[in-house]
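Chain by chain, the residues run as shown.
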Amino acid sequence: MTTRPPGPGPTADPDPDQGCPARHHERDGYAAAEQLQAQRPQWVIMYGCYTRQLIAWPKFAVSRRVIITTRYPDALISRLDRAEHNYRLHTPGNQPRTADGSAASQP
């Protein structure tokens, strides 16, 4: 039989139904990610509870790997717009979209 050394036992894992340990600022982060995802459906937007950052990946073809991270929702929007403008490949079926999801006019 194996015995454990004296001392505190292992810490409990977070509730698997809840993900990370629930804290009020994390709820705000998840809510911000959900709102931004609705505003920018051409991006996958998540909140990392351990990094406390918003993380975004494009759903469209890009000229190089693009992963955007920030702690502030307003900063994420401007970074998404800039990355989409700079790195999106404009191919048939992969046309730029406006914030409301409609096709953008081409010059």
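Refer to the structure presented above.
Parameters and conventions
Residues numbered from 1 in each chain as written. Predicted model: local features only at pLDDT ≥ 70, side-chain atom pairs only at ≥ 80, totals over all residues. Heavy atoms only, no water. Core = buried A, V, L, I, M, F, W, Y, C linked by side-chain atoms within 4.5 Å. Buried < 20%, exposed > 50% of the residue type's maximum accessible area, 1.4 Å probe, protein only. Helix = DSSP H or I, 4+ residues; strand = E, 2+ residues; numbered from the N terminus. Contact = heavy atoms within 4.5 Å. Pairing = 2+ DSSP bridges. Axes fitted to C-alpha atoms, helices over the stretch in contact; angles between N-to-C directions.

Caption draft 1: Expanded view of the nonpolar core. Counting 14 residues, the largest nonpolar core has Trp43, Ile45, Leu54, Ala56, Ile68, Leu76 and Leu80 as its most contacted members. Mapped onto this core, the elements with two or more residues apiece are helix H1 (24-39), strand E1 (43-48), strand E2 (53-58) and helix H2 (73-87). Tryptophan 43 has contacts with Gln37, Ala56, Trp57, Pro58, Lys59, Phe60, Val66, Ile68, Leu80, Ala83 and Glu84, leaving out every residue within four places of it along the chain.

Caption draft 2: Seen up close, the pairing of E1. Judged from the six bridges that link them, E1 and E2 form a sheet pairing that is antiparallel. Looking across to E2, one finds that valine 44 is bridged to tryptophan 57.

Caption draft 3: Spotlight on the sheet that holds strand E3 (residues 68-70). Taken in spatial order, the three strands make up an open sheet running E1-E2-E3, and their pairing is antiparallel. Both edges of this open sheet fall to E1 and E3, since each of them pairs with a single strand only. Between one strand and the next, the sheet's axes are offset by a mean angle of 20 degrees, whatever the strand orientation. Pairing geometry for E2 and E3, over three bridges, is antiparallel. Paired with leucine 54 across the bridge in E3 is threonine 70.

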